[in-house]
Amino acid sequence: MIPAAARGTTTVSARAVAKIAQQAATETPNAVGTVRGTATVRGQRAEVSVRLGLPWPAELGRRAGEVQRHVASRTGELTGLSVRVARLRVVRLQRPAGGTVVFEKTTAPAARGRRVPRRWWSARPTPVVVTALLGASAAGLLTADMASVHLFGNAPAAWRTGLVDRLATTSPAAGSVTVAAAAMAVAGLWLLLLACTPGLRKRHVVAGFGAGRSIALDRAAVASVVRDRVLDADGVDSVRVRVGRRRVRVRADLAFGDRATAREQAGAAARDALADCRLNRPLRVRLRLRTTSTWDPTPPAPAPVPVPSPAGGAEPEESP
């Protein structure tokens, strides 16, 4: 029997895990549109993140939870890794091609013992990469020059000797030193600010999933829900929606009907759409309704209902 130390090891790359998670998400009937997956592997544990669209109208929390559980279990089954609950990012909401899905009114369960976060925390990849590259470049140049001097007996590089001479002859009160110090202080404060703030302002966390920060909606997805709901109001011709951190600005054009009634219906539709999104941080609605140039204050008369003719196409007989 071959000893365990001589059997070798099997390593599953993060790219392969991401592809498997992406395929697992497409296996669920809840995923619509293009699906993208990313993964991080640390030993026998993996963390996966999936970007996808969800069908709507539908209860987003339940459908997203089903996708999460399937992606985690299926990825762990196929890779042999311990996969945490998948991190899900909903980038769009799409109506199904056939049929209509009805919203299911449910109450979001409260987080037990832990505070539900307001937003996802960003890893700040761009500032981290830029800072690491600058530090690594400076350290690499200095190390290469010192190795050339001590190992091969070469003369120090001109840039290093010139920099040392300039620093030795420059007064600390010089303007260039003050400017450089101020720039470094601003950069340090900016990095501290990035480290202490969550970021990802364009994503709104969905309530009902504890402190895992596992599901979020993009502002564009929330705006599409609000826009379609307001368009269903009587007399509304066009709608423009802008979703911010704390409020939703809705601008609607009214083609016909009473302004007060249309404003009440449009506002209620926008608030209902936000309630169906189940965001853990409620957004306020700011509605602006204006009439078009062809606005008619009276609603159009209902179309007459056609009376079906008897079988065979014969005209009905008139009673005497």
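All values derive from a computational prediction rather than experimental measurement.

### A closer look at the overall build of the chain
Broken down by element type, the chain carries 7 helices and 9 strands. Across the chain, contacts joining residues at least 24 apart in sequence account for 68% of those joining residues at least 6 apart.

### Some words on helix α3 (residues 125-152)
With 28 residues, α3 extends 38 Å from end C-alpha to end C-alpha; this agrees with the ideal 40 Å at 1.5 Å per step. Taken from the residues just after α3, Gly153 is the one with a positive phi, measuring 70°.

### Re the sheet that holds strand β7 (residues 236-243)
With mixed pairing, the 3 strands of this open sheet are ordered in space as β7-β8-β9. Each edge of the sheet is formed by a strand with only one pairing partner; in this case those strands are β7 and β9 (284-296). On average, adjacent strands in this sheet sit at an angle of 15° to one another, irrespective of strand direction. Bridge count between strand β8 (residues 247-256) and β9: 9 bridges; the pairing is parallel. Counterpart to Asp253 in the pairing with β9 is Arg290. On the sheet, helix α6 (residues 219-231) packs against β7 and β8 and is oriented at approximately 155° with respect to β7.

### Focus: the pattern of salt bridges
Using the criterion set out here, one finds 8 salt bridges in the structure. Notably, a salt bridge pairs Arg42 with Glu47, separated by 3.8 Å at the nearest N-O pair. Overall, Arg42 belongs to the exposed group, its relative accessible area being 54%. Relative accessible area serves as the criterion here: at 36%, Glu47 is assigned to the partly exposed category. Here Arg89 ties to Asp218 by a salt bridge, and the two come within 3.1 Å at their closest N and O atoms.

### Overview of helix α2 (residues 60-79)
Its 20 residues place the ends of α2 28 Å apart at the C-alpha level, agreeing with the 28 Å of an ideal helix rising 1.5 Å per residue. When we look at burial in α2, the residues that qualify are Leu60, Gly61, Arg63, Ala64, Gly65, Val67, Gln68, Val71, Ala72, Thr75, Gly76 and Thr79. Tucked into the core, α2 has its buried residues touching α1 (14-26), β2 (45-55), β3 (82-83), β4 (87-94), β6 (215-218) and α7 (259-277). Of the residues trailing α2, Gly80 is marked for its positive phi of about 75°.

### Describing the nonpolar core
Residues Val71, Val226 and Val230 are the most contacted members of the largest nonpolar core, which totals 53 residues. Those residues in contact with Val230, other than ones at most four positions away along the chain, are Val236, Val239, Val250, Ala252, Ala266, Ala269 and Ala270.

### A look at a nonpolar patch on the surface
Together, Leu141, Leu142, Met146, Trp159, Leu163 and Leu167 make up a nonpolar patch on the protein surface, roughly 600 Å² of accessible area in all. When you line up the elements, Leu167 lands in helix α4 (residues 158-169). Judged by its relative accessible area of 60%, Leu167 is exposed.

### A short note on unusual backbone geometry
A positive phi angle, near 55°, is found at Arg278, a position not held by glycine. Looking at where Arg278 falls in the secondary structure, it is placed in the loop between α7 and β9. We classify Arg278 as buried; its relative accessible area is 13%.

### Section: the confidence of the model for the chain
Model confidence for the chain is summarised by a mean pLDDT of 80, while 81% of its residues fall at 70 or above. Summarising per-element confidence for the chain, the mean pLDDT is lowest in β4 (78) and highest in β8 (93). Segment residues 97-113 is flagged for pLDDT under 50; beyond a separation of four residues in sequence, or across chains, it makes 22 contacts in the model.

Conventions used here
- Residues numbered from 1 in each chain as written.
- Predicted model: local features only at pLDDT ≥ 70, side-chain atom pairs only at ≥ 80, totals over all residues.
- Heavy atoms only, no water.
- Helix = DSSP H or I, 4+ residues; strand = E, 2+ residues; numbered from the N terminus.
- Contact = heavy atoms within 4.5 Å.
- Expected span 1.5 Å × (residues − 1).
- Pairing = 2+ DSSP bridges.
- Axes fitted to C-alpha atoms, helices over the stretch in contact; angles between N-to-C directions.
- Salt bridge = Lys/Arg side-chain N within 4 Å of Asp/Glu carboxyl O.
- Buried < 20%, exposed > 50% of the residue type's maximum accessible area, 1.4 Å probe, protein only.
- Core = buried A, V, L, I, M, F, W, Y, C linked by side-chain atoms within 4.5 Å.
- Patch = residues over 30% accessible without salt bridge, like charges linked within 9 Å, V, L, I, M, F, W, Y side chains within 5 Å.
- Areas by Shrake-Rupley, 256 points an atom, 1.4 Å probe, with all protein chains shown as cover.
- pLDDT = per-residue confidence, 0-100.

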